[in-house]
Amino acid sequence: MSESGIFITLEGIEGCGKTTQSLALKDFLESKDCKVTHTQEPGWGVLGKYTRKMLLDEKELRLEPFAELCLFCADRAQHVRGLIKPSLEEGHTVVCDRFSDSTVAYQGYGRGLNLDLVEKMAWAAALGVIPDLTIILDLPAEAGLERIKDRGGTTKIDEESIEFHTRVREGFYKIAESEPKRVVVVGADKPIDELAAEIAPIVMKRVG
Ligand SMILES: Nc1ncnc2c1ncn2[C@@H]1O[C@H](COP(=O)(O)OP(=O)(O)O)[C@@H](O)[C@H]1O
Ligand SMILES: [Mg+2]
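Residues numbered from 1 in each chain as written. Chains lettered and ligands numbered in written order. Predicted model: local features only at pLDDT ≥ 70, side-chain atom pairs only at ≥ 80, totals over all residues.

Asks: Looking at this structure, how should I read the overall build of the chain?
Replies: Along its length, the chain carries eight helices and five strands. When the helices and strands of the chain are placed in sequence order, the string is β-α-β-α-α-β-α-α-β-α-α-β-α. Along the first, second and third principal axes, the C-alpha set of the chain runs to 45 × 35 × 35 Å. Look at the contacts in the chain between residues 6 or more apart in sequence, and 81% of them connect residues 24 or more apart. (Helix = DSSP H or I, 4+ residues; strand = E, 2+ residues; numbered from the N terminus. Contact = placed C-beta atoms within 7 Å.)

Written out as structure tokens, the structure is:
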């Protein structure tokens with residue numbers, strides 16, 4: 001692959017701290033003189049603006065799980081082509097809040113779509129770009145949902161049942177088990193600074 005930058009993804013259920021920690025990681029890497037592109041899924045660019053609205057906001061739109069899968073994949077393909085690949089080619093470290101593992105966990109384990117199909121589509125949409133390191137922030141579903149309770153405007157997916165979010169959490173475990181070289185699970189039930197201090201050396205060890 002021609003990419004020269006390092007690609008790091010953060011994964012986990014809602015409220016586990018992905019956004020908080022991905023921004024902290026960006027600051028940490030910048031303090032080490034890395035050029036960093038921080039981004040998130042879904043919702044990049046023009047297609048992302050519409051897909052994010054359909055996937056998360058439009059509560060009247062009850063998406064068929066397969067339609068939901070296709071929208072997440074379409075969103076990813078545009079994001080990879082438009083931002084992630086070019087940033088890696090420029091030598092940036094890309095820190096991405098959710099990526100293909102979320103599709104496998106939510107649409108595969110959460111919705112119960114055929115896992116083999118979901119894995120193929122989730123990674124095909126990544127256009128050959130595979131994270132060098134994925135950090136899964138692990139938290140019980142109840143604790144994650146409790147953290148986002150006060151966040152204004154919960155999304156359609158936030159409002160799914162506790163059983164759904166628990167299946168997603170367990171899906172992330174399965175992913176970590178199947179790809180121990182790429183994926184590290186970190187317990188997220190600790191203060192923000194403590195968690196950031198645990199993540200930083202994992203990143204330094206894996207990416208140099
Ligand atoms: N380690 C933590 N301990 C307690 N609260 C946290 C922690 N990390 C994040 N939060 C808070 O929990 C909420 C969800 O965090 P966020 O980073 O947005 O999670 P995510 O992006 O995974 O949904 C925010 O209000 C955030 O300030
Ligand atoms: Mg977030």
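Asks: Would you explain the site of ligand 1 in this entry?
Replies: Near ligand 1, the surroundings consist of 15 residues, among which Gly 17, Lys 18, Thr 19, Thr 20 and Arg 147 are the closest. Looking at the shell around ligand 1, the element that brings in the most residues is helix H1 (residues 18-31), giving three residues. When the residues that make up the shell around ligand 1 are grouped by side-chain class, the tally is six nonpolar, five polar and four charged. (Near = placed C-beta within 6 Å. Nonpolar A, V, L, I, M, F, W, Y, C, P; charged D, E, K, R; others polar.)

Asks: Is there a simple way to think about the pairing of strand E4 (residues 133-138) in this case?
Replies: Sheet faces and side chains relate simply in a regular strand, where the side chains alternate between the two faces. Summarising the sheet, strand E1 (residues 7-11) and E4 pair through four bridges and their orientation is parallel. Pairing of Glu 11 across the sheet is with Ile 136, part of E4. Of the pairings in the sheet, the one linking E4 to strand E5 (residues 183-187) comprises five bridges and is parallel in character. Its bridge partner lying in E5, Leu 137 is registered against Val 186. (Pairing = 2+ DSSP bridges.)

Asks: Looking at this structure, I do not really get the environment of Ala 124. What am I missing?
Replies: In this structure, Ala 124 sits in helix H5 (residues 115-124). Residue classification places Ala 124 among the partly exposed positions, given that 13 C-beta atoms sit within 10 Å. Separated by 69 residues in the primary sequence, Ala 124 and Leu 55 have C-alpha atoms spaced 20 Å apart. (Buried ≥ 20, exposed ≤ 12 C-beta atoms within 10 Å, placed from the backbone.)

Asks: Would you take a moment to explain the environment of Leu 83 for this structure?
Replies: Note on placement: Leu 83 falls in helix H3 (residues 65-89). The sequence separation of Leu 83 and Lys 26 amounts to 57 residues, and the corresponding C-alpha distance is 16 Å. In contact with Leu 83, other than residues within four places in its own chain, are Thr 37, Thr 39 and Trp 44.

Asks: Where do I start with the packing of helix H6 (residues 141-148) against helix H7 (residues 162-178) in this structure?
Replies: Two quantities define a packed helix pair, namely the angle between the axes and the distance from one axis to the other. Here H6 crosses H7 at 115°, and the two axes come no closer than 9 Å. As for how H6 packs across H7, the hand of that crossing is right-handed. When H6 is examined against H7, the residues Ala 141, Glu 142, Gly 144 and Leu 145 are found in contact with a partner set consisting of Ile 162, His 165, Thr 166 and Arg 169. Residue composition of the contact of H6 with H7, grouped by class: three nonpolar, three polar and two charged. (Axes fitted to C-alpha atoms, helices over the stretch in contact; angles between N-to-C directions. Left-handed = near helix turned anticlockwise from the far one by under 90°.)

Asks: I tried to follow the packing of helix H4 (residues 100-110) against H7 on my own but got confused; where do I start?
Replies: It is at 8 Å that the axes of H4 and H7 come closest, and there the two elements cross at 125°. Between H4 and H7, the angle is such that the two are oblique. When the axes of H4 and H7 are compared, the crossing they make is right-handed. Contacts between H4 and H7 involve Asp 101, Val 104, Ala 105, Tyr 106, Gly 108, Tyr 109 and Gly 110 from the former and Phe 164, Arg 167, Val 168, Glu 170, Gly 171, Phe 172, Lys 174 and Ile 175 from the latter. (Parallel < 35°, antiparallel > 145°, perpendicular 65-115°, else oblique.)

Just geometry here; none of it tells us what the structure is for.
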